[in-house]
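# Structural characterization, general
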Amino acid sequence: MGHELKTERELSLDFLRVCEAAAIAAARTMGQGDRKYSDQVAVEAMREVMDTVPMRGRIVIGEGERDEAPMLYIGEELGGRGASDDLRAEFPEVDIAVDPLEGTNLCALGANNAIAVLAAAERGGLLNAPDIYMDKIVVGPSSRGVIDIDAPVRDNLKNIARRLGRDIEDLTVIVLDRSRHKKLINEVREAGARIRLISDGDLSAGISAAVAGTNIHALMGIGGAPEGVLTAAAMKCLNGEIQARLIFDPERLGVDKDKVPEQEEVIARLKEMGINDPNKIYDTDDLAPGKKIIFAATGVTDGALLRGVRFFGSGKRTHSLVMTTESKHIRFVDTVHVEGGPDAVIRF
Ligand code: VTB
């Protein structure tokens, strides 16, 4: 295979291909009602293409520990397939966080906002977050610096509204529709802001909050920690902000004690991972400290920012977002994957 050394900007187009492949595979299963299968095909497609990227890649956020995930497990090394050892030694070392299908349920039901997503950075550029819950607040560039995850919800909303030059009543906040968010939802309502409750997918919601024109102004609440790292990588490219904290207290999660691991157990596991303060508040740079970050996402189903995969007689069409911190290019990429031979008609 004709491998050559690539710059970060060029690698970003390889990662675009990786996300496109995962999204296409997942989209084929849309509405089948089988979330596990949708996830599995996305993982397989993502891994297959990612292994061809000219890099020495290492998964830091993936499908789980090695013993529970056969592919894209944490610590898996991939990339540079087919390259000679000499050439491979010159490939850049890259840490990768993946979520081959964010919103497995959304895809299985054919609901909006399922995406295939990944972030890449130089070694150590992405926090090796544990797969537990994380409380998050995500805002766009205008509201950077005025949010505080420990402040009352009303104060945060007041500050966001002021920065956006509008009333709190004109804000829309996205919150995952979970019983653990009862108090948060009440507080947002009392402050007067509008709420969009979503069934799944707080990563794509966080990205929407950082892009003006989506009419989403903040994401608040508890979702997954791995997705928090991916969100942070996107914020670095979009000039947005995330603040976050790991959550493992059953009371905060609104679940029975026996539904989650013992708190002492979690604290010990975090220590092993090098996290000594389990209550630490993470900012964007803590979660994604990398200087050279690449973020790529492809729509699986239609969403606020990205269209879903469309299939037609002579191919398919994907819509993606690809960004890098270095070049500060935010690319919305509309790709037609032509399959129909010389007579295939390409439509605008
Ligand atoms: C899901 C999912 C989110 O967090 O809610 C999950 O939709 C965890 O919450 O996008 P539950 O266990 O209550 O479903 C995310 O995966 C990511 O933060």
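Residue positions are given per chain, counting from 1 as you read along its sequence in written order. Reporting of local features is limited, given that this is a predicted model, to residues whose pLDDT is at least 70; pairs of side-chain atoms are given and counted only at 80 or more, and all residues count toward the totals for whole chains, interfaces and linings. Heavy atoms from the whole structure form the basis of all side-chain values; hydrogens and water molecules are not counted.

## As for the domain arrangement of the protein
Interface size is often expressed as the accessible area that is lost when the parts come together. Domain annotation for the protein reports domain 1 (2-124 + 291-338) and domain 2 (133-287). Domain boundaries shown here were taken from an automatic or database domain assignment. Just the C-alpha atoms count here: the centres of domain 1 and domain 2 sit 24 Å apart. Taking both sides of the interface into account, the surface hidden between domain 1 and domain 2 amounts to around 1,700 Å²; carbon and sulfur atoms contribute 74%. Put simply, a salt bridge is a Lys or Arg side-chain nitrogen that is within 4 Å of an Asp or Glu carboxyl oxygen. Remark: the boundary between domain 1 and domain 2 carries 0 salt bridges. For helices the rule is a DSSP run of H or I covering at least 4 residues; for strands it is a run of E covering at least 2, with both sets numbered from the N terminus onward. Going through the elements one at a time, strand 3 (93-102), helix 4 (104-109), strand 4 (115-122) and strand 12 (315-324) are the ones with two or more residues in the side of domain 1 that touches domain 2. Any residue outside Ala, Val, Leu, Ile, Met, Phe, Trp, Tyr, Cys, Pro, Asp, Glu, Lys and Arg is labelled polar, Gly included; the first ten of those are nonpolar and the last four are charged. A class-by-class count of the residues in the side of domain 1 that touches domain 2 yields 15 nonpolar, 4 polar and 3 charged. Accessible area, probed at 1.4 Å, shrinks when two parts are joined; the buried area is that loss added up over both.

## As for the pattern of salt bridges
In the structure shown here, the tally under the stated rule is 17 salt bridges. The closest approach of N and O atoms between D95 and R123, which form a salt bridge, is 2.6 Å. Residue D95 is located in strand 3, and its partner R123 is located in the loop between strand 4 and strand 5 (133-139); the two are separated by 28 residues in the primary sequence. On the basis of relative accessibility, which here comes to 30%, the residue R123 falls in the partly exposed class. For D285, the salt bridge goes to K236, with nearest N and O atoms at 2.5 Å. With a gap of 49 residues between them, D285 in helix 11 (residues 284-287) and K236 in helix 8 (residues 225-238) connect regions that are remote in the sequence. Ionic contacts of the salt-bridge type, sharing partners, join the residues R56, R58, E93, D95 and R123 into one network. In this scheme, a residue with accessible area under 20% of its type's maximum is buried, one over 50% is exposed, and one in between is partly exposed, where area comes from a 1.4 Å probe on protein chains only.

## A closer look at the side chain of T231
Along the chain, T231 turns up in helix 8. The criterion used for residue contact is that any of the two residues' heavy atoms lie within 4.5 Å. The contact partners of T231, leaving out residues within four places of it in the chain, are V138, L203 and I242.

## Brief notes about the site of the ligand
Any residue with a heavy atom positioned within 4 Å of a molecule or strand is treated as near that molecule or strand. Residues in contact with the ligand, as listed here, are E102, Y133, K136, L176, R178, R180, D200, G201, D202, G223, G224 and E227. Whenever a nitrogen or oxygen atom comes within 3.5 Å of another N or O atom, the pair is scored as a polar contact, on the condition that within protein one atom can donate a hydrogen and the other can accept it, and that pairs from neighbouring residues in sequence are kept only if both atoms are in side chains. Within the side chain of D202, one N or O atom sits 2.6 Å away from an oxygen atom of the ligand. In isolation the ligand has 410 Å² of accessible area, and contact with the protein removes 77% of it. A pocket, in this scheme, is an open set of points on a 1 Å grid over the protein atoms alone with protein on both sides within 12 Å along at least 5 of 7 lines, while a cavity is a set where a 1.4 Å probe fits but cannot get out; residues line either one if an atom lies within 4 Å of a point. Molecules are considered to sit inside a cavity or pocket once more than half of their atoms lie within 2 Å of its grid points. With respect to the detected pockets, the ligand is housed in the largest pocket. For the shell around the ligand, the secondary structure elements donating two or more residues are strand 5 and strand 8 (218-224). Its residues assigned to classes, the shell around the ligand shows 2 nonpolar, 3 polar and 7 charged. Areas reported here follow the Shrake-Rupley algorithm with a probe of radius 1.4 Å; residue values treat only the protein chains shown as occluding.

## Description of the nonpolar core
Take the buried Ala, Val, Leu, Ile, Met, Phe, Trp, Tyr and Cys residues and link them wherever side-chain atoms come within 4.5 Å; each set so joined is a nonpolar core. L126, I207, L246, L287 and F295 are the most contacted members of the largest nonpolar core, which has 49 residues in total. Ranked by residue count, the leading element in this core is helix 8, at 9 residues. A domain-level breakdown of this core finds at least three residues from each of domain 1 (2-124 + 291-338) and domain 2 (133-287). When sequence neighbours within four positions are dropped, the list of residues in contact with I207 reads A234, M235, L238, F295, L305 and L321. By size, the runner-up hydrophobic cluster in this structure holds 37 residues, among which are L11, A23, V49 and L101.

## Focus on the environment of P130
Looking at the secondary structure, you find P130 in the loop between strand 4 and strand 5. Beyond its immediate stretch of four places on either side in the chain, P130 contacts A225, P226, L246, L270, M273 and I275.

## Thoughts on a negative patch on the surface
Together, E65, D67, E68 and D131 give the surface a local cluster of negative charge. Counting through the fold element by element, E68 comes out in the loop between strand 1 (56-61) and strand 2 (77-78). Patch definition: residues above 30% relative accessible area lacking any salt bridge, with like charges linked at up to 9 Å and the nonpolar side chains Val, Leu, Ile, Met, Phe, Trp and Tyr linked at up to 5 Å. In this tally, Lys and Arg are treated as positive and Asp and Glu as negative; His is ignored, and so are the chain termini. Charge placement uses NZ in Lys and CZ in Arg. For Asp and Glu, CG and CD serve respectively.

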